[in-house]
Amino acid sequence: MATPAQASWVSAWTAAPFPATPVLTQRDVRDYAGATVQQELVLNTGGSRLRVRMTNALGAAPLDFLAASVDIEGHAVSLRFGGREGATLPAGGALVSDPVPIAVKRFQRIAVTVRYGAVAVPAAHLLTVTVRYPDGRSRTGRGPALAAAVEVDRPRPGRVIVTLGDSITEGARAQPESFTGWPEQFAATLAILPRYGAWSVVNAGIHGNRLMREGAGPNALARFDRDVLAIPGAIDIILLEGINDIGWGNAKAATDGPVSAEDVIAAYRQIIDRAHSGGLRIIGATLLPYRGSVYFTSNGELARQAVNRWIRTSNAFDAVVDFERVMADPRDPDRLDSQWDSGDHLHPNDAGYATMAAAIAPNLLSEP
């Protein structure tokens, strides 16, 4: 009997699964019937082969697609699933493609294209996609992107840092399609350091996500095993989450809260314990100032400050990144510094994300 080929698969890109969601803006695209949908992404590590993981993890019904392909430097390669062009994703399930024997490089931009049949209601992460219909029409907007991960086969084992969080981790209000969120800019920093040449940074942020309660997508405690522990090659986590719990919980107390610092800390302890049980180190990040944002309250601010004190002083995390220190206005520490503020007093701009990335000392990571 033939010996199975050895492979060392690591995650080069990921997008956390998302439930089916309603159209929220005019640019949102949900009608995929008979359409071809393309998503672009950037790989954070290279390898000799790749495979694409499709997800219907949060879908309520099976999902069919007729064909899929990956475009690398203008060269389209068909994806196969058990040797077949198309596939059916069971409700709650995922499928990984057969390996594609094409080498890819770190920070290479690729595109994944999926062709759907007559009925298509994907439950997947909302990303910018281009949709082409059989009648020749096309639309570009935010829609569910079926590819949830790209994994590469490395010549030597790689190490993956998973950034877990909400819209500030996902990169909200950065320049569109610029890939300039803080995880991506931190990946660029690591790339120039020889000892981190085999490392990858993958983004498990979800816009509107919360630690304990449903927001946009399942809460962090509910999705931790799938979105962090199951990522191949994961060794470190950087956690930046909790501001949506504090903000919405205290701004909408009648329906959601309130959410106290103790509530957030209890969720952190759960995540820390689960990370350590899975053999991963976890780095805690302090919550950014948010005075002036849509859900700022004085009670919420007191909770944020208490959470940050605990992050800094409890020694519960394996290491700490103090994002608050570098992002706060020195004259008004409850606010984002105006030079880093995208304008909504909650999310950084591209320069702010660069400042956050620069605040992460590589020596906080596991030893290469």
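The preceding data block contains the structure.
Structural notes, computed from the coordinates. (Residues numbered from 1 in each chain as written. Predicted model: local features only at pLDDT ≥ 70, side-chain atom pairs only at ≥ 80, totals over all residues. Heavy atoms only, no water.)

Turning next to the sheet that holds strand β3 (residues 49-55). Within the open sheet, the four strands sit side by side as β1-β12-β3-β8. Their pairing is antiparallel. Where the open sheet ends on each side, the last strands, each with one partner, are β1 (9-14) and β8 (94-96). Averaged over all pairs of adjacent strands, the angle between strand axes in this sheet comes to 25°, irrespective of strand direction. (Pairing = 2+ DSSP bridges. Helix = DSSP H or I, 4+ residues; strand = E, 2+ residues; numbered from the N terminus. Axes fitted to C-alpha atoms, helices over the stretch in contact; angles between N-to-C directions.)

Further remarks concern the sheet that holds strand β5 (residues 67-72). Sheet strands pair by backbone hydrogen bonding; their relative direction is either parallel or antiparallel. Spatial ordering of the open sheet is given by β6-β5-β9-β2-β10-β11, a layout of six strands whose pairing is antiparallel. At either margin of the open sheet sits one strand with a lone partner, and together these are β6 (75-78) and β11 (138-144). Looking at each pair of strands side by side, their axes are set apart by 30° on average, direction ignored. Here seven bridges tie strand β2 (residues 36-42) to strand β9 (residues 109-115), and the two strands are oriented antiparallel to one another. Opposite Thr36, over in β9, you have Arg115 as the bridge partner.

The subject of this paragraph is the nonpolar core. Ranked by internal contacts, the top residues of the largest apolar core, which has 102 residues, are Met54, Phe65 and Tyr268. Ranked by residue count, the leading element in this core is helix α5 (residues 261-277), at eight residues. With residues up to four places along the chain from it excluded, the contact list for Met54 reads Phe65, Ala68, Leu79, Phe81, Leu89, Ala94, Leu95, Val112, Val114, Leu146 and Ala147. (Core = buried A, V, L, I, M, F, W, Y, C linked by side-chain atoms within 4.5 Å. Buried < 20%, exposed > 50% of the residue type's maximum accessible area, 1.4 Å probe, protein only. Contact = heavy atoms within 4.5 Å.)

In terms of strand pairing, strand β10 (residues 126-132) meets β11 through seven bridges, oriented antiparallel. Across the sheet, residue Thr130 finds its bridge partner in β11, namely Thr140.

One pass over the full model with this rule turns up 21 salt bridges. Of the charged contacts, one joins Asp28 and Arg142 as a salt bridge, the two residues approaching to 3.0 Å between their closest N and O atoms. With Asp28 in the loop between β1 and β2 and Arg142 in strand β11, this pair connects stretches of sequence that are 114 residues apart. For Arg142, a relative accessible area of 27% puts it in the partly exposed group. Residues joined by salt bridges that share partners form a network here, namely Glu301, Arg304, Arg312, Asp322 and Glu324. (Salt bridge = Lys/Arg side-chain N within 4 Å of Asp/Glu carboxyl O.)

What follows is about the environment of Leu190. Structurally, Leu190 can be placed in helix α2 (residues 182-191). Separated by 10 residues in the primary sequence, Leu190 and Ser200 place their C-alpha atoms 8.7 Å from one another.

As paired strands, β2 and β10 are joined by four bridges and run antiparallel to one another. Within β10, the position partnered with Thr36 by the bridge is Arg132. Following β10, the chain reverses through five residues before pairing antiparallel with β11; Gly136 in that reversal takes a positive phi of roughly 100°.

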